[in-house]
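Results of the structural survey
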Amino acid sequence: MRRSDQLLHYAAAAQLEHVRSETGYTHEKVGKNLGIDKTNFARLLQNPTDDFLHDLDEAVMTLVPALDRTGGLSALAVRLRRLGTRNALTARLPPRWRRRVLRRQASDELDWLSKASGLLAKLLAVPDHAKQVCERNSAELSDIVQRLILIGAAPPTPDNIDALIMLGSIAGTPAAFDVVGPTLEQALSTHPLGFRMWRSVTSIVRLNETEADAAPIIRPWVQAQVEAAEEWRARSLFPARSLDLELAIVVPAAWSPAGEDDWVSQALRERSKNTEATVRERGTAAFGLWQRALRGDDAGHQAETARFLRGLIDDFKAEAEAGDVLLGLNWVATTLAQSIEGKNAVPPGWPPTEDPCLRTVRAAAAALRSPSVPTPILEPTKRLIEHALLQNAGVYRRNAVDTLLAGGYTGPVISALNLALTNVNTQAWLKCRALFVISFLQDRERNTELILGKACKRAKKQFDASLTHGAPVPRSIASELHDALFAVGDCFGAVGAQAQSRRLRHLLDKDLDDLLLRTKDLLRRPDADTALVRVARGAAYLVAVTAQTGDRTSKPMLESLADHPDSATKDLAEWALKRFDARGDRVRPLYDTL
């Protein structure tokens with residue numbers, strides 16, 4: 001299940017199972033309301049067209065409104081890089097309404113997204129006139145770009161991801177690029193949550209990869225961002241997300257042809273060899289190099305890339321012998337060797353190995369049962385869980401996670417993931433992947449709240465124990481604690497999760513205060529343990545995004561970081577304090593922190 005049509009078929013079939021369960025509407029009945037007979041509906045479900053996905057979204061969300069939390073099938077198609085991004089995110093408003101939508105004052109995220117969608121529609125309506133549209137709406141364009149950046153910086157929701165893609169869509173219009181480009185570049189390099197902005201740059205590339213006129217302007221700008229990414233990752237709150245690498249992988253070969261000046265390959269090679277980078281980053285970079293080599297027909301380049309990667313595989317295995325979180329490099333090496341041998345972008349199946357990670361994940365996925373997951377989608381759901389945790393090609397792994405979210409059966413999936421997370425044999429790198437998937441599924445039910453709260457407590461207990469030994473904190477322990485803290489912030493720092501956030505903060509506040517104070521003290525020492533930087537950033541992020549009106553602890557914690565020795569933690573706290581009004585009583589939403 002790697003192709004976009006397979007993933008879209010699964011998500012559509014899963015949503016229709018929700019419809020059948022809650023309303024009794026069969027495929028045939030849904031099709032009848034869309035004006036599609038039974039045979040054609042089945043055919044379209046196997047290989048959905050863009051129009052079919054749009055119409056199915058309309059029907060499904062009318063029948064089961066709660067499925068709007070999945071983001072919809074059209075949005076999934078955008079994330080899978082299949083649907084024309086601009087058309088998917090352009091609100092279908094009567095043209096005469098658009099001017100008023102742009103002029104009216106926005107009061108929440110939805111208003112800003114509506115304004116952005118209306119502006120995008122105007123830019124696309126008459127492409128030859130786009131420059132005049134930008135000039136006529138220059139103030140609105142500037143405001144919209146800044147708000148989309150702030151919405152996109154917030155914890156992930158369908159709206160936040162749409163905001164980043166829409167930002168890239170607007171910037172992909174040459175007339176608007178002069179406004180968006182510098183603002184986006186500044187956010188990438190200086191915003192505390194700039195690591196999320198790479199998705200917008202990816203959208204810009206995707207929209208312009210076949211536009212001959214865009215290449216002279218956009219290609220050098222994209223190259224500058226990719227070449228700066230290695231420097232910026234040092235200040236990133238969560239470099240393991242690898243969104244900068246996903247951008248590099250989709251850059252057209254014509255923009256960075258094979259040879260000495262192949263700036264994309266240089267960036268991917270540098271990250272794959274960076275021993276300070278995470279297992280996820282290094283695996284994504286290595287697989288990205290191979291995927292790009294396979295796209296071309298240059299046999300010499302493929303052979304040279306394979307030689308480099310075989311050497312890298314040896315390095316990964318040697319590093320994994322050190323144990324700790326680097327054990328994950330063994331799995332990367334095994335699957336990468338399999339892909340090179342078969343000349344596949346990703347392995348066609350898992351290698352015949354007794355690697356404990358494979359046993360752990362298969363056991364967790366096997367716990368899924370019908371009727372919690374309907375029989376027609378049960379086996380595909382298990383396969384997607386395997387790819388969400390075990391796939392080392394980052395783009396394909398994220399596609400699996402996005403598809404699980406779109407399918408809507410997140411509760412049972414999270415329970416299965418928790419089996420992997422709590423298994424005593426699960427290695428730290430795999431726990432980190434499980435924590436990310438749980439948070440990104442955006443299921444804010446009580447079970448998820450309990451799972452992530454306990455994960456933070458377990459990780460904090462390990463961290464405290466490691467400090468008593470006097471030796472540096474193992475990377476595995478620091479990584480797991482960082483990722484557990486980030487998972488809570490990502491899942492429950494989002495709009496609409498205030499009640500859950502309050503309960504979790506009550507559970508974790510003493511731990512958060514302790515972590516922030518202790519890392520500040522320990523990082524001031526001459527022999528400071530650099531692993532503590534990740535812990536400080538994770539704790540500060542959780543506090544920053546879950547602060548809310550009536551909260552008595554967030555502001556003092558953030559103020560205590562004014563002299564934190566880690567500049568990224570300090571800058572995050574300084575930015576987060578903008579959320580509080582002058583009296584410190586009311587907390588503004590993240591999009592209102594200009």
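Everything discussed here concerns the structure shown above.
The model shown is predicted, which means the values in this text are computed figures rather than measured ones.

Focus on the overall build of the protein chain
When helices and strands are tallied, the protein chain shows 30 helices and zero strands. On C-alpha atoms alone, the protein chain measures out to a radius of gyration of 23 Å, which is about the 25 Å that the 2.2 N^0.38 rule sets for 594 residues. Taken across its 594 residues, the protein chain has 60% of its residues classed as buried. Residue pairs in contact within the protein chain that sit at least 24 positions apart in sequence constitute 71% of those at least 6 positions apart.

Structural notes on helix H22 (residues 394–407)
Spanning 14 residues, H22 covers 20 Å between terminal C-alpha atoms, matching the ideal 20 Å at 1.5 Å per step. Most of H22 is tucked away, with 13 of its 14 residues classed as buried. Following H22 by one or two positions, Gly-408 adopts a phi angle in the positive range, close to 95 degrees.

Focus on the nonpolar core
Of all hydrophobic cores here, the largest spans 201 residues; its most connected members are Leu-56, Ile-170, Val-222, Leu-309, Ile-385, Leu-389 and Leu-441. The dominant element in this core, judged by the number of residues it contributes, is helix H28 (residues 531–546), at eleven residues. Not counting residues up to four positions away in its chain, the partners in contact with Ile-170 are Ala-116, Leu-120, Leu-123, Leu-141, Ile-144, Leu-148, Ala-176 and Val-180.

Here's the deal with unusual backbone geometry
Ser-370 connects to Pro-371 through a cis peptide bond whose omega is 15 degrees. Of note in the backbone geometry, Ser-242 takes a positive phi value of approximately 65 degrees without being a glycine. Positionally, Ser-242 belongs in the loop between helix H14 (215–233) and helix H15 (243–250). The backbone of Lys-343 shows a phi angle near 55 degrees, a positive value even though the residue is not glycine.

Describing the packing of aromatic side chains
The geometry of an aromatic ring pair is captured by two quantities: the separation of the ring centres and the angle between the planes. For the structure shown, the criterion picks out eight aromatic pairs. With a centroid separation of 5.2 Å and 90 degrees between ring planes, the pair formed by Phe-177 and Trp-221 is classed as edge-to-face. One end of the pair, Phe-177, is in helix H12 (residues 174–190); the other, Trp-221, is in helix H14, and 44 residues separate them in sequence. Each member of the pair Phe-177 and Trp-221 is classed as buried. Summarising the aromatic geometry, the rings of Phe-195 and Phe-486 are spaced 6.2 Å apart at their centres and angled 65 degrees between planes, so their arrangement reads as edge-to-face.

So, the packing of helix H1 (residues 4–23) against H22
At a closest axis distance of 8 Å, the pairing of H1 and H22 adopts a crossing angle of 20 degrees. When the interaxial angle is binned, H1 and H22 end up roughly parallel. Here H1 runs over H22; the crossing is right-handed. On H22, the residues that touch Leu-7, Tyr-10, Ala-11, Ala-14, Gln-15 and His-18 of H1 are Asn-399, Thr-403, Leu-404, Ala-406 and Gly-407. Among the residues making up the contact of H1 with H22, the classes are represented as six nonpolar, five polar and no charged.

As for the side chain of Thr-519
Along the chain, Thr-519 turns up in helix H27 (residues 498–522). A polar side-chain atom of Thr-519 sits 3.2 Å from the main-chain carbonyl oxygen of Leu-516. Excluding its chain neighbours within four sequence positions, the residues that come into contact with Thr-519 are Leu-532, Val-535, Ala-536 and His-564.

Description of the packing of helix H26 (residues 475–492) against H27
In a pair of packed helices, the angle between the axes and the distance between the axes together describe the arrangement. At a closest axis distance of 12 Å, the pairing of H26 and H27 adopts a crossing angle of 150 degrees. With respect to their mutual orientation, H26 and H27 come out roughly antiparallel. Seen from above, H26 lies across H27 with left-handed handedness. Contacts between H26 and H27 pair Leu-481, Leu-485, Val-488 and Phe-492 from the former with Gln-500, Ser-501, Leu-504, Leu-508, Leu-512 and Leu-515 from the latter.

Regarding the pattern of salt bridges
Applying the stated criterion to the full structure yields 37 salt bridges. Of the charged contacts in the structure, one is a salt bridge between Glu-230 and Arg-271, with a shortest N-O distance of 2.7 Å. Placement of Glu-230 in helix H14 and of Arg-271 in helix H16 (residues 263–273) is noted, with a sequence separation of 41 residues between them. This pair shows no difference in class: Glu-230 is buried, exactly as Arg-271 is. Within the structure, one salt-bridge network assembled from shared partners comprises Lys-457, Lys-460, Asp-464, Asp-511, Asp-514 and Arg-518.

Observations regarding helix H30 (residues 567–576)
Ala-568, Thr-569, Leu-572, Ala-573, Trp-575 and Ala-576 are the residues of H30 that are buried. What you see down the axis of H30 is that its buried residues fit within an arc of 165 degrees, all on one side. Those residues of H30 hidden inside the fold are in contact with helix H10 (138–153), H28 and helix H29 (554–559).

What counts and what doesn't
- Residues numbered from 1 in each chain as written.
- Predicted model: local features only at pLDDT ≥ 70, side-chain atom pairs only at ≥ 80, totals over all residues.
- Heavy atoms only, no water.
- Helix = DSSP H or I, 4+ residues; strand = E, 2+ residues; numbered from the N terminus.
- Rg over C-alpha atoms; globule rule 2.2 N^0.38 Å.
- Buried < 20%, exposed > 50% of the residue type's maximum accessible area, 1.4 Å probe, protein only.
- Contact = heavy atoms within 4.5 Å.
- Expected span 1.5 Å × (residues − 1).
- Core = buried A, V, L, I, M, F, W, Y, C linked by side-chain atoms within 4.5 Å.
- Phe/Tyr/Trp six-rings, centres within 6.5 Å; stacked < 30°, edge-to-face > 60°.
- Axes fitted to C-alpha atoms, helices over the stretch in contact; angles between N-to-C directions.
- Parallel < 35°, antiparallel > 145°, perpendicular 65-115°, else oblique.
- Left-handed = near helix turned anticlockwise from the far one by under 90°.
- Nonpolar A, V, L, I, M, F, W, Y, C, P; charged D, E, K, R; others polar.
- Polar contact = N/O pair within 3.5 Å; in protein donor to acceptor, adjacent residues only side chain to side chain.
- Salt bridge = Lys/Arg side-chain N within 4 Å of Asp/Glu carboxyl O.
- Arc of directions from axis to C-beta.

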